[in-house]
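Listed here are the chains, written in short residue letters.
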Amino acid sequence: MDKLKSFTSSSLFLPIVALAVLLIFNGIFVEGFFDIQITEDGRLFGRVIDILTRSSSLVILSLGMTLVIATSGIDISVGAVVAISAAVVCTLIGGRGDGAAETPMALAMLASVGIGILCGIWNGILVAKFKIQAVVATLILMTAGRGIAQLLTEGQIVTVYYKPFASIAGVIPGMPLPTNVFIALAMVLLVVFVMKKTSIGLFIQSVGINPTAAKYVGINVTLVLFLVYAFSGFCAGVTGLIESSLIKAADANNAGLNMEMDAILAVALGGTLLSGGKFYLGGSVIGAVTIQTLTTTLYALGVSADQLPVVKAIAVIAICLIQSKKARDLFDKWKSGRSAKAVTADAKAVNKA
Amino acid sequence: MKKKISELIASKYFSFFVTVILFAILYGVGIGMYKGFMKPQVFLNLFIDNAALIIVTIGITFTLLIGGIDLSVGAVLALTCMVLAWLLANTGISVFAAIALVLLMGTAFGAIQGYLIAKFDLQPFIITLAGMLFCRGMTAVISRETINITNPTFVAMADFRLSVGAGFVSMGVIIAIIALIVAAVVLGFTRFGRNIYALGGSESSASLMGLPVFKTKVSVYTISGFCSALGGIAYALMMLTGYNLHGMGMEMDAIASSVIGGTLLTGGVGFIPGALFGVLIQGVILTFISFQGTLSAWWTKIVVGALLCVFIIMQAFITEHKSKLTAKSSLEENS
Amino acid sequence: GGGEEQSKKDGDKITMGFSQIGAESEWRTANTESVKQAAKDAGIELQFSDAQQKQENQIKAIRSFIAQGVDVIAFVPIVETGWDTVLKEAKDAKIPVIIVDRDLKVEDDSLYVAKIGTNMLTEGQKGFEWLAKYANEKQLKPRDGGNKLNIVVLEGTVGSTAALGRTKGFNDAMAASPDKDKFNILASQTGEFTRQKGQEVMESFLKSYGNKIDILVAQNDDMALGAIQAIEAAGLKPGKDITILSFDGVKGIFQAMIEGKSNCTVECNPLQGELLMETAKKILKGEKVDKIVYVDEGVFPADVAEKTLPSRKY
Amino acid sequence: MAAALLEMRHIDKVFPGVKALSNVDFTLHAGEIHSLMGENGAGKSTLVKVLTGVYPKDGGTIHLNGKEIYPKTPKEAQEEGISTVYQEVNLCPNLTVAENIFIGREPRRFGFIDWKEVNRRSIELLKKLDVDIDVSKTLDNYPVAIQQMVAIARAVDVDAKILILDEPTSSLNEVETERLFRIVRQLQKQGMGIIFISHFLEQIYELCDHITILRNGELVGSYEVAKLPRLELIAKMVGKNLNDVKDMDKMAEKSVPSDEVFIETNHAASTGQIKDVSLQIHKGEVIGLAGLLGSGRTETAEMMFGLKEVTGGSLKINGKEEKLSNPMAAMKEKIAFCPEDRKLSGIIGDLTVRENIILALQAMDGMFTHIPYSKQVELADKFIDKLRIKVSDRDQLIKNLSGGNQQKVIIARWLATQPRFLILDEPTRGIDVGTKTEIQKMAVELAKNEGMSVAFISSEMDEMVRTCSKLVVMRDRKKVAELTGDQISSEGVMEAIAGGEK
Ligand SMILES: Nc1ncnc2c1ncn2[C@@H]1O[C@H](COP(=O)(O)OP(=O)(O)OP(=O)(O)O)[C@@H](O)[C@H]1O
Ligand SMILES: Nc1ncnc2c1ncn2[C@@H]1O[C@H](COP(=O)(O)OP(=O)(O)OP(=O)(O)O)[C@@H](O)[C@H]1O
Ligand SMILES: [Mg+2]
Ligand SMILES: [Mg+2]
């Protein structure tokens, strides 16, 4: 009982409820939603698996975004950085029809993640050193980033025919799930581990809540901000790898398109306030999965893509209202008001009798 | 003289002055590099092309001033164009009734967003993001294809040109200028306007000082909704169509303009003429690129980003050194 | 750059203002390249402006061309409507306008002088004709044992000319065909012309309809390339279990056809530069030109892929 | 006696984990200055906030002029005629001084705000409080004291039935306090009912007619000032008997500094902030920095903590010249600093008490290490116990503590780093009598028992005189005098300040 209570009051409770509701809805309305088959080569196959696979990119991005938002910043450049990272890895490996790699894949991967970090560092410098407001600072890369990606690919969609490249977001033979799910899992564990074993999380929160006071206790506010943006860049770099491997190509126009908004949404749905401070990594992960589930649901129901936003909007507002403390207070008040009225009405009835 | 300078630096409008000066420099460079730049019409085109953006930026500035944000502006603008086009194409109502109707719709939509944000303490970023999704979706629900506006009165309005000096401006510009003046007066000279600044400075203080926090918040989003709809009309005057993809990404342009013009996203600081110059600066950057005339798609993006970057860093640099400058000059005065 | 001394007074060099939509696909990039190259070859000075997918930017660009006083304006309209006002300004400034690649609707046809482009309707039609022929030749049998071949369609961006034209062309051809009872459109959803979405939507199709799907019609090659991966991931053989027809004719799809993973592409020719420059010169010389000029387009089934690939320019 | 102006009956207020008010009665008459007294966290501010609609009450009734009122927001309370200066300065830093005074009720002409009039009337109003500043500058240009005066100016200008002043004098000096009192008495004569909260007993006895005492959220009683001697008041506030209280007030012997110098500055200057300060602070010494508002005491302290660059002269620690470029550099030298503006630069509101306590220690250990949870708990509990911090549990958010307890948490934060030099900038501002002596004692004991150097900055002359072994007097961002031994007295300081006037 106590356990239940501590669970319902935990920060993860509401995000989980929101996801559960969505899943139950799916279970009822989408035929075979929870079916999972095992293919001949030992892979798992089904809608739930799709959701996991598809959401892994968003999960990774939302990790970085959570930390950035916790410092009361925001990073709207991640989508563009994903495109840059994808362009780097694909142009390095090269689009040769004979399936050979021009650069060793490991090197290319390293380079693309490195570029991601570099982009993050750039944002970090603008925000931490030049003290530019985060939205504007990251807007620069958001504007120019896709251009840089296109410059790298010369406006082409560079298709990679080198076979091993597909395994980043595909299934390595013998594994039950695509690699990107494991990558996402590893990233989540890494971040959780770092948060548990170091005090970075505490410093990030301090900076987000009261930067002046954080400075007065000796926290290097500049460094914290810098690291956080660099990490967000790192996440975007990794996502770029996955996204390009998914389609085995770098599509500078569409890789990571609008992902920044989804990542921010995931963080918000996970219970972290956009004004910074306390953050909930678990919540963000669930938020990311929720968003992907929503998209998959709507595809499954055949809602057409242009009307999809309407449903998404309504779902988002509903989820926000469920999570809003004030809405709950108001509801409780309304309920108690009603029952009080009922009681007085009863009392009156008794009096009359 | 020194005192004058230090006063200027310390003034609230400092970052506005910086913006104006940078704009002038940018324009001057343009004139130096390209002959055509000097034509008055090039300058007026900045207004004609950006009339809708100016109006939308005004609205978003209100929300930024209270430390909020409104991401729905571009989508509301698109929905306005679409509904207007649909009404004119499919019903017999008069142009003015249709305009009134869509203005009402945008205003009401803003009010609903504001109510949700203020009443339930929801995050404006998320609610208006949902609002954006909703309006985009609804636009598509009404029609996937563009709807033409052929109503003669409206077309005549669109074709209207007011000549000023050696050039001309459009109806949209006139609307934008009126909106600018009204907004500047409201923010500077009414209690409501000052409440907005107070709310942005500190919501808890504003509440403890007995200011109407809830009402102000809702009103601000309502105004933003109204401005988006008004911007939608200016946009429709330019495009004469309703289309799902109108005003895509406009929210970011508007936010960037406002911030370049000196608005702080944390709220409480901002200035309508600044927002105007923010729009103009982005406009000049694009004009530059089209006069340059050889940039490929990607270089266009990179150059826009780079110019934005130069501008923002310059502004940050000057503002950063502002405190030192004032300290220095005040010390000089002392001794 | 070289734009510094741009002025049409030095010599009789023609200046053309050209507003492109953006660089949303390889196809579009090829289109841009073709125009740039042709301008160079024809000795025309090109004022190029990229609209970053925004109609308002195109309108701004056209206004700026007028202000710069170019000799002729050409542009690829991102949407069909909304051009009246600015084209009137061009007309008032006595600058001829040529529409490239896409269609446009204006009240008054005299606002532009010529249209150069592709015909989406014909493309859709050609696509169906190929499909009907192929089904007959290969004796395609529905995989679910029914009596109709089930088609799923990956549509382009909602409302775009290409999506509308190809859908209409394809459907009209099917409705008019004697083979119409052989086919059944099972599902149709937009993949927004991108690989990612093509893949994601195809995944969803496969989950929903599993073994029922016989034919995939992708309204561009990129979506087909994305879908091929989804089909493979589901354990099916693209090109064999599911017949694939797509549009545009980019290099990537030829590679896929060579590997046997796709069956046919209907070309949509982006190489419109030469025709544009010819037309522009004629107009400026005062010669009469046709109001509408289409570029040549072909159909490339898998068997000719290997032979054709080396000659593809995009 | 006339009918009461305000009657609060059986007021209850519960916060999660704390019963802040239980069954409290409070009565205020017109033309009366009524003090609310109690230790930090007794519930004074909460009572005020319940009255003014900031917090909804959980029980009880409020009558104003015999009519029941239910203010749900401060705005409604204002409309009922209740004007309030809340404890922490609650103004908008981004608005001008004049606007802060008039916002919400600006004089208008033709419906538009008449800025000239706003500024004119602000200047006039502030003049009554003898504050002469540029009212067209934004508020954040001014120190807390000025801000407090502005808040007062705003409150007294409103035509109200009740004026509430929640610790208005905490950052004012004597002269400014005196001016405030003059105005309050005027208002009293006009028949306004005034609620006055302060931890300065002298002020209470000077100004008030009536005292209501709260303890732990409960009503102790309501008394006429004349009939309640000081010690009895204290006894009632802390809930002890008279004899214990007598002992409490005894100050320990002052500490005797050793000959070793810990930190010294030589004609140190910082551009635009400090002109010339030479100091020597010995081990085991409690040094006081005295001076008027804006004399540069805070800046001197900040300079020694690496927050202000030393641009002229030198700074030596343990005889070695050091350049402290940031707080961490100072912390490495075992220097600690409790800043004067608690809300802005002290507390990290959304963190727990435990986290706030270990934060500085953690910062010194570095970002990539982690103090084990058990150690954190141990540290937090140790200091909660040692400084008698009143919390419901160690994981309570610090922002929900009363001001005095927040201050103690900040001190705990620095003691946890085991500093060799502790700078306390206005540590007793807004602190109740009991705790105030505790903090003073603590400063002396730290110096005596652990050989720590302590710099004590306060605007209260008495406490400086009682605590410090040496007083440095500052004026106009310069050191003007240094007092030791018998020279240390209020008069001595005043003379030194005035002496600089020549
Ligand atoms: N918003 C809040 N949430 C939770 N607890 C609160 C809140 N505000 C006050 N408290 C608690 O209520 C109690 C009374 O606090 P209050 O601020 O009224 O004390 P006070 O008498 O004004 O003290 P001080 O003299 O330090 O100002 C304290 O224990 C405090 O921790
Ligand atoms: N009476 C005043 N009028 C205008 N400005 C003032 C006044 N007093 C202080 N200031 C300004 O406030 C700033 C901060 O003063 P500061 O806090 O350093 O003084 P202090 O000696 O530390 O006083 P205290 O610690 O008692 O508040 C200075 O920049 C000073 O210019
Ligand atoms: Mg209090
Ligand atoms: Mg001070």
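Scroll up a little and you will see the structure.
Heads up: these notes are all about the structure in this document. Here the structure is a predicted model, which means the values were calculated and not measured.

**Considering the overall build of chain C**
Moving on, step 1. What chain C contains, in helices and strands, is ten helices and twelve strands.
Moving on, step 2. The C-alpha radius of gyration of chain C comes to 21 Å, within 12% of the 20 Å expected for a compact globule of 314 residues.
Moving on, step 3. Considered along the principal axes of its C-alpha atoms, chain C spans approximately 70 × 40 × 30 Å.
Moving on, step 4. Expressed as a percentage of the 314 residues in chain C, the buried residues total 64%.
Moving on, step 5. Of the contacts formed within chain C by residues at least 6 apart in sequence, a portion of 73% connects residues at least 24 apart.

**Examining the pattern of salt bridges**
Moving on, step 1. Considering all chains together, one arrives at 48 salt bridges over all chains under this definition.
Moving on, step 2. Between Glu106 of chain D and Arg191 of chain B there is a salt bridge; the shortest N-O distance is 3.5 Å. One end of the pair, Glu106 of chain D, is in the loop between helix 3 (97–102) and strand 7 (108–109); the other, Arg191 of chain B, is in helix 9 (residues 191–201), on a second chain.
Moving on, step 3. For Arg191 of chain B, a relative accessible area of 24% corresponds to the partly exposed category.
Moving on, step 4. Linking Glu340 of chain D and Arg429 of chain D is a salt bridge whose minimum nitrogen-to-oxygen distance equals 3.7 Å. With a gap of 89 residues between them, Glu340 of chain D in the loop between strand 18 (335–338) and helix 12 (342–346) and Arg429 of chain D in the loop between strand 19 (421–425) and helix 16 (433–450) connect regions that are remote in the sequence.
Moving on, step 5. One salt-bridge network, in which partners are shared between bridges, spans Asp49 and Arg161 of chain B together with Arg63 and Glu89 of chain C.

**Things to note about the site of ligand 2**
Residues and elements named next belong to chain D.
Moving on, step 1. Near ligand 2 you find 14 residues, and of these Gly294, Gly296, Arg297, Thr298 and Glu299 are the closest.
Moving on, step 2. Between Gly296 and ligand 2, the recorded distance is 3.0 Å, taken from a backbone N or O atom to an oxygen atom.
Moving on, step 3. Across the complex, the protein chains shield 71% of the 620 Å² of accessible surface that ligand 2 would expose by itself.
Moving on, step 4. Tallied by class, residues from the shell around ligand 2 come to four nonpolar, five polar and five charged.

**Description of the environment of Ala166 of chain B**
Moving on, step 1. Summarising the element assignment, Ala166 of chain B is placed in the loop between strand 2 (161–164) and strand 3 (167–170).
Moving on, step 2. The spatial distance from the C-alpha of Ala166 of chain B to the C-alpha of Pro40 of chain B is 6.4 Å, given a sequence separation of 126 residues.

**Observations regarding the sheet that holds strand 3 (residues 33–37) of chain D**
Residue and element names in this part refer to chain D.
Moving on, step 1. Taken in spatial order, the six strands make up an open sheet running 6-9-10-3-11-12, and their pairing is mixed. A single partner strand is all that each edge strand has here, and the edge strands are strand 6 (82–85) and strand 12 (218–224). Neighbour to neighbour, the strand axes of the sheet diverge by 15° on average, direction disregarded.
Moving on, step 2. Alignment of strand 11 (residues 210–215) against strand 12, held across six bridges, turns out to be antiparallel. By the bridge assignment, Arg215 is partnered in strand 12 with Glu218.
Moving on, step 3. Packed on one face of the sheet, helix 1 (residues 44–51) meets strand 3, strand 6, strand 9 (162–166), strand 10 (193–197) and strand 11 and runs near 125° to strand 3.
Moving on, step 4. Sheet strands touched by helix 8 (residues 230–238): strand 3, strand 11 and strand 12. Its angle to strand 11, the strand with the most contacts, is close to 30°.

**Here's the deal with the interface of chain B and chain A**
Moving on, step 1. Chain B puts 42 residues into the contact, and the matching count from chain A is 46 residues.
Moving on, step 2. Summed over both sides, the interface of chain B with chain A buries roughly 3700 Å², with 80% coming from carbon and sulfur.
Moving on, step 3. The tally of links from chain B across to chain A stands at zero salt bridges.
Moving on, step 4. At the boundary of chain B and chain A, one finds five residue pairs in polar contact (both at pLDDT 80 or more).
Moving on, step 5. Mapped by element, the contributors of at least two residues to the side of chain B that touches chain A are helix 5 (95–120), helix 6 (124–142), helix 12 (250–260) and helix 14 (297–334) of chain B.
Moving on, step 6. Examining the composition of the side of chain B that touches chain A, we find that 13 residues originate from one element, helix 14 of chain B, more than from any other.
Moving on, step 7. Of the residues in the side of chain B that touches chain A, the class split is 30 nonpolar, six polar and six charged.

**Some words on the coordination of the magnesium ion (ligand 4)**
Residue and element names in this part refer to chain D.
Moving on, step 1. Around the magnesium ion (ligand 4), the protein contributes the donor atoms Thr298 (OG1), Glu340 (OE) and Glu340 (OE), at 1.7 to 2.7 Å from the metal centre. With Thr298 in helix 10 (residues 297–304) and Glu340 in the loop between strand 18 and helix 12, this pair connects stretches of sequence that are 42 residues apart.
Moving on, step 2. Residue Glu340 is classed as partly exposed on the basis of its relative accessible area, which comes to 26%.

**Overview of the site of ligand 1**
Residues and elements named next belong to chain D.
Moving on, step 1. In the vicinity of ligand 1 there are 20 residues, among which Asn40, Gly41, Ser45, Thr46 and Asn400 approach most closely.
Moving on, step 2. Within the side chain of Ser45, a nitrogen or oxygen atom sits 2.7 Å from an oxygen atom of ligand 1.
Moving on, step 3. Within the contact set of ligand 1, a nitrogen atom lies 3.3 Å away from a side-chain nitrogen or oxygen of Tyr55.
Moving on, step 4. When isolated, ligand 1 has an accessible area of 640 Å², and the protein chains bury 90% of it.
Moving on, step 5. Looking at the shell around ligand 1, the elements with two or more residues in it are strand 2 (18–28), helix 1 and helix 15 (403–415).
Moving on, step 6. Here the shell around ligand 1 takes three residues from helix 1, the largest share from any one element.
Moving on, step 7. Broken down by class, the residue content of the shell around ligand 1 amounts to six nonpolar, eleven polar and three charged.
Moving on, step 8. Looking at which domains feed residues into the shell around ligand 1, each of domain 1 (6–238) and domain 3 (341–418) gives three or more.

Analysis parameters
- Residues numbered from 1 in each chain as written.
- Chains lettered and ligands numbered in written order.
- Predicted model: local features only at pLDDT ≥ 70, side-chain atom pairs only at ≥ 80, totals over all residues.
- Heavy atoms only, no water.
- Helix = DSSP H or I, 4+ residues; strand = E, 2+ residues; numbered from the N terminus.
- Rg over C-alpha atoms; globule rule 2.2 N^0.38 Å.
- Buried < 20%, exposed > 50% of the residue type's maximum accessible area, 1.4 Å probe, protein only.
- Contact = heavy atoms within 4.5 Å.
- Salt bridge = Lys/Arg side-chain N within 4 Å of Asp/Glu carboxyl O.
- Near = heavy atom within 4 Å.
- Polar contact = N/O pair within 3.5 Å; in protein donor to acceptor, adjacent residues only side chain to side chain.
- Areas by Shrake-Rupley, 256 points an atom, 1.4 Å probe, with all protein chains shown as cover.
- Nonpolar A, V, L, I, M, F, W, Y, C, P; charged D, E, K, R; others polar.
- Pairing = 2+ DSSP bridges.
- Axes fitted to C-alpha atoms, helices over the stretch in contact; angles between N-to-C directions.
- Buried area = accessible area lost by both parts, 1.4 Å probe.
- Donors = N, O, S within 2.8 Å, 3.2 Å for Na, K, Ca; no water.
- Domains from an automatic or database assignment.

Any link to function would need more than the numbers given here.
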